[in-house]
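Here's the letter readout for the chains.
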Amino acid sequence: MNTKSSLPIVTASLFSALVPTLVQASSFQILEQSPAHLGKAFAGTASDVRDASSVFFNPAAIVKLEGSNLTVGANGIFTNAEFSDINSNTRGIEDKTDKVGLVPNVYWTLPLSEETTIGLGINAPYGLESEYSEDWMGRYLATHSELAVASFSGVLAFELNDQWSLGVGLDYQRAEVTLASQVDSTFGVNPRPATDSHAKIEGDDDDFVGNASLYFTPNERLNIGLVFRQGGTFNLEGDARFTLNPACSLGAGYPTGAPPAPTTGTLCALGLGALAGDAEADVELPDTITLSASHRITDEWQIHGDIALTQWSSIQTIRVRNTDNNLTINELNLQYDDTMRYALGMTYEPSGSPWTWRFGIAIDDAPQTNPAFVSVRIPDEDRLWFGAGFNYKLSPTSSIDVGYAYVDVQKATIENTNPQTGSRVSGEFDSNVQIVGVQANWTF
């Protein structure tokens, strides 16, 4: 594993400890970058300009903010994904992953002139963490999964005229990954937790990615935003380590044929010994395109909409390989498709009141729902979001936002059979997510 020491690595490690699985949009994408937008189920993200979180959601719009702005937020994530067995043959117990985590974000904007504004941001656009016991039925697929992508953003916005503004930006992203699972030391002859060996793979890399955005105000009641964000390309370098059970040793285990045929323990020890060592994997994260619109119906009511495309088809199979002998250590055969997300929200601002109220609903596609490809590391399915929240003005230059969302995840079915050992994991994940976000905003 790379041993570079720097603030980005430390921050990525921090984010990996804070981000649980199933908190995201589709797969391991994280939308939780603003508790204010959370209350609208992330409708109008690129068109509803309220605070410095537009550094992430639409950099072109930050030129419309008055003065210098600072936004500091955090989202508390409460997840629950329970596995129910249908026809597994690996022995073990039914289990669940119910990690509780925190997703922080910080944004700052500073006008350089009447037509130009810069912005900085720190957030986690991708991430997950899931953890199961080492004796559950799907242990040969995963026991622990951890991905953190920490992003450090710099953006620049230009006001072209009264109606149009343009934004461009560059993000430095740091990715760190940990994958752990159990290994059947008996090669399918007698799988059971007591004789399992343990596998752990770690890797990291960094990349620079760009973004471009437009903000259009054809009249005083309508705002439209369009944002393109590039996905990073990472060559994750690290290592693979194995902790061998006594059943995974020379001469141990079960015969695989008449002598001198090797025993299962011999095959296990020699096989894992060949896989251990330096490792790498290539991952190309998806580009995203978001189109948003916000229309003020009356002086008090505003409606917001989002249509977002995530090009998940950039991820098909992630192969982790030994760099010395090119053997495959692990393979995530995800076969992702591109996804769409649709969100609709409302904002109510009573005249003369310090309160602003928000409501929203969203439909969020999963990139893979075929039981043969659904991964227990990311037991994803299509989602339905319900959001509500508010903003309260503490003073003319400060306010707080509180948002809440309940995410109903359809049952995810998995049918995975290892062709070499015959190990079969067959069952369903019943999942839901609750998110509570709080942020503070200041104008200077």
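Refer to the structure presented above.
Numbers given for residues are sequential positions, taken from 1 along each chain in its written order. Where totals are concerned, whole chains, interfaces and linings use all residues; where local detail is concerned, this predicted model gives features only for residues with pLDDT of at least 70, and gives and counts side-chain atom pairs only at 80 or more. Note that water and hydrogens are dropped before the side-chain values are worked out from all heavy atoms of the structure.

1. Regarding the overall build of the chain
On a plain count of helices and strands, the chain comes out with four helices and 19 strands. For 444 residues, the compact-globule estimate of 2.2 N^0.38 gives 22 Å, and the C-alpha radius of gyration of the chain, at 24 Å, lies within 12% of that figure. Taken along its principal axes, the extent of the C-alpha atoms in the chain is 85 × 40 × 35 Å. Out of the 444 residues in the chain, the part that is buried amounts to 54%. Only the protein chains shown count as cover for residues, with accessible areas throughout obtained via the Shrake-Rupley method and a probe of 1.4 Å. Of the accessible surface of the chain, which amounts to about 17,800 Å², a share of 58% is contributed by carbon and sulfur atoms. Two residue types count as positive, namely Lys and Arg, and two as negative, namely Asp and Glu; His and chain ends fall outside the count. By convention, charge coordinates are those of NZ in Lys, CZ in Arg, CG in Asp, or CD in Glu. Each charge class in the chain was averaged separately, 24 positive and 53 negative side chains, and the resulting centres sit 3 Å apart. Here a helix means four or more residues in a row that DSSP labels H or I, a strand means two or more in a row labelled E, and each is numbered from the N terminus. Our radius of gyration is a C-alpha quantity, and the globule rule it is checked against amounts to 2.2 Å times the number of residues to the power 0.38. Only protein chains enter the accessibility calculation, which uses a 1.4 Å probe. A residue is then buried if its area is under 20% of the maximum for its type, exposed if over 50%, and partly exposed in between.

2. A word on the layout of surface pockets
Taken as a whole, the largest pocket spans an internal volume of roughly 1,400 Å³. Computed over the protein atoms alone on a 1 Å grid, cavities are sets of points where a 1.4 Å probe fits but cannot get out and pockets are open sets with protein on both sides within 12 Å along at least five of seven lines; a residue lines them when it has an atom within 4 Å of a point. Surrounding the largest pocket, 43 residues form its lining, Tyr-140, Ile-329, Asn-330, Asn-418 and Gln-420 being those nearest its centre. Counting only elements with at least two residues in the lining of the largest pocket, the list comes to β6 (164-183), β7 (197-219), α4 (264-275), β14 (328-333), β18 (398-417) and β19 (424-443). It is β14 that provides the largest number of residues to the lining of the largest pocket, a total of six residues. Grid points are joined across faces, edges and corners, and a volume is the space filled by probe spheres set on the points.

3. Details of the environment of His-37
Mapped onto the fold, His-37 is located in helix α2 (residues 35-38). Taking the C-alpha atoms as reference points, His-37 and Asp-408, separated by 371 residues in sequence, lie 18 Å from one another. The contact criterion used is simple: two residues touch if any of their non-hydrogen atoms lie within 4.5 Å. When neighbours within four sequence positions are excluded, His-37 is seen to be in contact with Phe-42, Ala-43, Gly-44, Thr-45, Asp-48, Ser-53 and Phe-57.

4. Quick word on the nonpolar core
Here, nonpolar core means buried Ala, Val, Leu, Ile, Met, Phe, Trp, Tyr and Cys residues that are tied together by side-chain atoms lying within 4.5 Å of each other. Phe-28, Phe-242, Leu-272, Leu-285, Ile-315, Ile-318 and Ile-329 are the most contacted members of the largest nonpolar core, which has 33 residues in total. Among residues more than four places away in sequence, those in contact with Leu-285 are Phe-28, Tyr-126, Val-149, Gly-231, Gly-232, Phe-234, Ser-314 and Ile-315. Among the nonpolar cores identified, the runner-up in size contains 31 residues, and Phe-42, Val-55, Ile-62 and Ile-435 belong to it.

5. Describing the state of the cysteines
Criterion for a disulfide: a pair of cysteine sulfur atoms within 2.5 Å. Summed over all chains, the structure comprises one disulfide. In this model Cys-248 forms its disulfide with Cys-268; the gap between the sulfur atoms is 2.0 Å. Taking the torsion about the sulfur-sulfur bond, which here is approximately -100 degrees, the covalent link between Cys-248 and Cys-268 counts as left-handed. Here Cys-248, found in the loop between β9 (233-243) and α4, pairs with Cys-268, found in helix α4; they are 20 residues apart in sequence, far enough to count as distant. The residues Cys-248 and Cys-268 share a single accessibility class, namely buried.

6. Thoughts on the packing of aromatic side chains
A pair of Phe, Tyr and Trp rings is counted when the ring centres sit within 6.5 Å of each other, with Trp represented by its six-membered ring. The angle between the planes then sorts it: under 30 degrees is stacked, over 60 is edge-to-face, the rest tilted. All told, the structure shown has 20 aromatic pairs when counted by the stated rule. With a centroid separation of 6.3 Å and an interplanar angle of 85 degrees, the aromatic rings of Tyr-126 and Trp-312 are classed as edge-to-face. Of this pair, Tyr-126 sits in strand β4 (residues 116-131) while Trp-312 sits in the loop between β12 (301-310) and β13 (317-322), and the two are 186 residues apart along the sequence. Residue class for Tyr-126 comes out buried when judged on its relative accessible area of 6%. Measuring from ring centre to ring centre gives 4.2 Å for Trp-164 and Phe-216, while their planes differ by 20 degrees; the resulting arrangement is stacked. Residue Trp-164 is located in strand β6, and its partner Phe-216 is located in strand β7; the two are separated by 52 residues in the primary sequence.

7. Considering α4
In this model, α4 (12 residues) spans 16 Å end to end at C-alpha, consistent with the 16 Å of a helix rising 1.5 Å per residue. When α4 is considered as a whole, its buried residues turn out to be Thr-264, Gly-265, Thr-266, Cys-268, Ala-269, Leu-272 and Leu-275. Trailing α4 by a residue or two, Gly-277 shows a phi angle of about 130 degrees, which is positive. Given the number of residues in a helix, its expected span is that number minus one, multiplied by 1.5 Å.

8. Topic: the pairing of β12
Any two strands between which DSSP finds at least two bridges are classified as paired. Bridge analysis of strand β11 (residues 288-296) against β12 gives nine bridges, and the strand direction is antiparallel. Of the residues in β12, the one forming a bridge with Leu-291 is Ile-307.

9. Digging into unusual backbone geometry
For the peptide bond that leads from Pro-259 to Pro-260, omega is 15 degrees, which places it in the cis range. Along the chain, the position of Pro-260 falls in the loop between β9 and α4. Located in the positive-phi region is Phe-42, a residue other than glycine, with phi close to 60 degrees. With respect to the helices and strands, the residue Phe-42 is situated in the loop between α2 and α3 (54-57). Residue Phe-42 is classed as buried on the basis of its relative accessible area of 1%. At Asn-326, a residue that is not glycine, the phi angle is positive and equals roughly 65 degrees. The residue Asn-326 is located in the loop between β13 and β14 in this model. Taking the relative accessible area as the measure of exposure, Asn-326 reaches 48% and is therefore partly exposed.

10. Overview of the pairing of β4
Of all 16 residues making up β4, 12 are buried, and the element is well covered by its neighbours. As paired elements, strand β3 (residues 100-111) and β4 share six bridges and run antiparallel to each other. Bridging across to β4, Tyr-107 finds its partner in Gly-121. Where β3 folds back onto β4 in an antiparallel hairpin, the turn is made up of four residues. For β4 and strand β5 (residues 144-159), the ladder comprises 14 bridges, and the chain directions are antiparallel. Across the sheet, the residue bridging to Asn-123 is Ser-151, located in β5.

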